Amino acid sequence: MTATPDSSPSPTPALPIVPAGAVAIDVVEVKHGAFGVSGSGDTSGFGGLVDPRVMPGPSLPPYGDGFDELAEELTLCLAARGLPMDSTVEKVVVDRGEITYFVAREHIAAFLLALRDEPGLRFELSSGVSGVHYPGDAGRELHAVYHLLSITHNRRIRVEVTCPDADPHIPSTVSVYPTHDWHERETYDFFGIVFDGHPALTRIEMPDDWVGHPQRKDYPLGGIPVEYKGATTPPPDQRRSYN
């Protein structure tokens with residue numbers, strides 16, 4: 001974090017400087033201040049804080065950690081199936097001992113099928129489909145994350161697909177991993193990602209007539225009734241928690 005003398009948010013956030021030739025980082029959001037208060041209402045002295053929320057940028061081979069053999073096998077497999085790497089995979093990220101393939105959403109079903117069926121890959125087990133919401137990641141606000149395990153080769157891989165909030169559609173992968181039936185329904189219920197081709201895409205946790213998707217970060221936070229002279233505690237994002 002970096003502090004500025006002025007308590008009001010800076011119109012141009014101070015982001016990390018990327019040297020020439022380095023791989024760019026992904027800034028998905030920039031937070032201002034410490035308590036969500038702007039202008040003269042922030043008396044904490046921390047109103048000038050600028051906090052970029054940064055995601056790891058793309059990794060370049062060799063990846064290390066035993067990922068290069070996997071990457072080579074996957075590249076050959078995709079080419080044999082008519083799925084060129086440059087049009088199927090948007091980027092590869094190696095971070096915290098995991099390798100993540102960001103896949104174009106129109107190719108996700110074919111990509112997972114290759115991971116499952118190729119003898120040199122054999123990712124037989126999917127741990128499920130998870131949703132993530134980054135409101136500040138313009139054009140990529142909604143993410144679907146797939147965690148796969150190869151029991152045959154004792155490997156793990158993460159696959160991530162993004163879609164814009166204005167067009168929250170990703171092809172269903174139930175035909176590849178049947179257990180995604182329930183996981184895609186849960187992700188749809190909580191995040192609003194529509195999995196096209198799902199056999200029965202309905203809510204799984206919330207009532208059928210529920211409005212909105214509760215795990216999105218722009219979903220309103222509820223307040224807490226307080227039985228003291230009729231007072232109530234406002235939602236967390238509306239409190240001045242420093243007073």
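Being a predicted model, the structure only gives us computed values, none of them experimental. (Residues numbered from 1 in each chain as written. Predicted model: local features only at pLDDT ≥ 70, side-chain atom pairs only at ≥ 80, totals over all residues. Heavy atoms only, no water.)

J.: Which residues make up the overall build of the protein, and what values go with them?
T.: Within the protein, the secondary structure is distributed over 4 helices and 11 strands. With 243 residues in all, the protein has 37% of them scored as buried. When contacts within the protein are restricted to residue pairs at least 6 apart in sequence, those whose partners lie at least 24 apart make up 56%. A total accessible area of about 13,500 Å² is found for the protein, and carbon and sulfur atoms account for 55% of it. (Helix = DSSP H or I, 4+ residues; strand = E, 2+ residues; numbered from the N terminus. Buried < 20%, exposed > 50% of the residue type's maximum accessible area, 1.4 Å probe, protein only. Contact = heavy atoms within 4.5 Å. Areas by Shrake-Rupley, 256 points an atom, 1.4 Å probe, with all protein chains shown as cover.)

J.: Run through the nonpolar core, naming residues and quoting values.
T.: Counting residues in hydrophobic clusters, the biggest one holds 38 residues, and the most contacted among them are Tyr101, Phe111, Leu112, Leu115 and Tyr146. Among the secondary structure elements, those contributing two or more residues to this core are α1 (67–80), β3 (89–95), β4 (98–103), α3 (108–117), β6 (142–150), β7 (155–163) and α4 (180–191). It is α1 that contributes the most residues to this core, 6 residues altogether. Those residues in contact with tyrosine 101 that lie beyond four places of it in its chain are Ala71, Leu74, Val89, Lys91, Val92, Phe111, Ile157, Arg158, Val159 and Glu160. (Core = buried A, V, L, I, M, F, W, Y, C linked by side-chain atoms within 4.5 Å.)

J.: Can you explain the environment of threonine 233? Please cite residues and give values.
T.: Its location among the elements puts threonine 233 in strand β11 (residues 232–233). Along the primary structure threonine 233 and glycine 222 are separated by 11 residues, whereas in three dimensions their C-alpha atoms are 9.4 Å apart.

J.: How would you sum up α1? Please name residues and give values.
T.: Compared with an ideal rise of 1.5 Å per residue, which puts 14 residues at 20 Å, α1 spans 20 Å between its outermost C-alpha atoms and is within 8% of the ideal. Turning to α1, its buried residues number three or more, namely Phe67, Leu70, Ala71, Leu74, Cys77 and Leu78. Seen from one end, α1 has its buried residues packed into an arc of 130 degrees, which puts them on one side. Exposed and facing more than 90 degrees away from the buried side of α1 are Glu69, Glu72, Leu76, Ala79 and Ala80. (Expected span 1.5 Å × (residues − 1). Arc of directions from axis to C-beta.)

J.: Talk me through the packing of aromatic side chains; I want residue IDs and the actual numbers.
T.: One pass over the structure, following the stated rule, counts 1 aromatic pair. Here the guanidinium or amino end of lysine 91 rests over the ring plane of phenylalanine 102, the centre of that ring lying 4.6 Å away. (Phe/Tyr/Trp six-rings, centres within 6.5 Å; stacked < 30°, edge-to-face > 60°. Lys NZ or Arg CZ within 6 Å of the ring centre and 35° of its normal.)

J.: Quick rundown of the confidence of the model for the protein? Include the residues and the values.
T.: Note: predicted coordinates in regions of low pLDDT should not be interpreted at a detailed level. Residue-level pLDDT values for the protein average 85, and 79% of them are 70 or greater. The model gives residues 1–22 a pLDDT under 50, and that stretch makes 32 contacts with residues more than four places away or in other chains. (pLDDT = per-residue confidence, 0-100.)

J.: Run through the sheet that holds strand β5 (residues 125–133), naming residues and quoting values.
T.: A sheet is described by the order of its strands in space; here 5 strands give the open sequence β3-β4-β7-β6-β5, paired in mixed fashion. At either end of the open sheet lies a strand with only one pairing partner, and these are β3 and β5. Strand after strand, the sheet turns through a mean of 20 degrees between neighbouring axes, direction not considered. The strands that α1 touches are β3, β4 and β7; relative to β4, the one it contacts most, it runs at about 25 degrees. Its contacts with the sheet put α3 on β3, β4, β6 and β7, and the angle it makes with β7 is roughly 175 degrees. (Pairing = 2+ DSSP bridges. Axes fitted to C-alpha atoms, helices over the stretch in contact; angles between N-to-C directions.)

J.: Help me get a handle on the pattern of salt bridges, residues and values and all.
T.: This structure, assessed with the given rule, holds 12 salt bridges. Between aspartate 51 and arginine 53 there is a salt bridge, with its nearest N and O atoms 3.1 Å apart. For arginine 53, a relative accessible area of 37% translates into the label partly exposed. The shortest N-O distance in the salt bridge between aspartate 137 and arginine 140 comes to 3.4 Å. Its relative accessible area of 23% is what places arginine 140 among the partly exposed residues. Through salt bridges that share partners, Glu90, Asp137 and Arg140 make up one connected network. (Salt bridge = Lys/Arg side-chain N within 4 Å of Asp/Glu carboxyl O.)

J.: Before we move on, could you go through α4 and cite the residues and values that matter?
T.: Between the first and last C-alpha of α4 there are 15 Å, a value that for 12 residues agrees with the 16 Å anticipated at 1.5 Å per step. Among all positions of α4, only His180, Glu184, Arg185, Thr187, Asp189, Phe190 and Phe191 are buried. Turning to α4, the residues buried within the fold contact α3, β5, β6 and β9 (194–196). Downstream of α4 by one or two residues, glycine 192 has phi in the positive range, about 80 degrees.

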